Amino acid sequence: MKLYGREFPRPLLWVYASGVAEDVGVVVCVRAVPGEMWAYHDVQRGRAGYLFPCGDAKAAAEQVDLLLKHRMFPSTW
């Protein structure tokens, strides 16, 4: 789900789990990182929420998948 507008000054992407727990999700944004590069981040954690550098969407999606699995099943980690 794309989130943007006056409330959100930059584009955000809400990725949520489907199936057992549809209320589990993560909001992803893109932030500048050292070296004149960009990276995907978990909005809730700010700069500490670094997920993966931009340019490899598949690897970034795998990181988000791991994060969602951890949030859905915290006792398995």
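Here the structure is shown first, and the text comes after it.
First, a word on what this report is: a plain description of the structure on this page.

Rules used throughout
- Residues numbered from 1 in each chain as written.
- Predicted model: local features only at pLDDT ≥ 70, side-chain atom pairs only at ≥ 80, totals over all residues.
- Heavy atoms only, no water.
- Phe/Tyr/Trp six-rings, centres within 6.5 Å; stacked < 30°, edge-to-face > 60°.
- Buried < 20%, exposed > 50% of the residue type's maximum accessible area, 1.4 Å probe, protein only.
- Helix = DSSP H or I, 4+ residues; strand = E, 2+ residues; numbered from the N terminus.
- Expected span 1.5 Å × (residues − 1).
- Contact = heavy atoms within 4.5 Å.

### Structural notes on the packing of aromatic side chains
Following the criterion strictly, the structure yields 1 aromatic pair and no others. For the pair W14 and Y16, a centre-to-centre distance of 5.3 Å together with 45 degrees between the ring planes defines the contact as tilted. Y16 sits in the partly exposed class, given a relative accessible area of 42%.

### Some thoughts on helix α1 (residues 57–72)
Here α1 is 16 residues long and its end C-alpha atoms lie 22 Å apart, about the 22 Å a rise of 1.5 Å per residue gives. Restricting attention to buried positions, one finds in α1 the residues A59, A60, V64 and L68. As for α1, its buried residues are in contact with β2 (12–16), β3 (25–33), β4 (37–42) and β5 (50–53).

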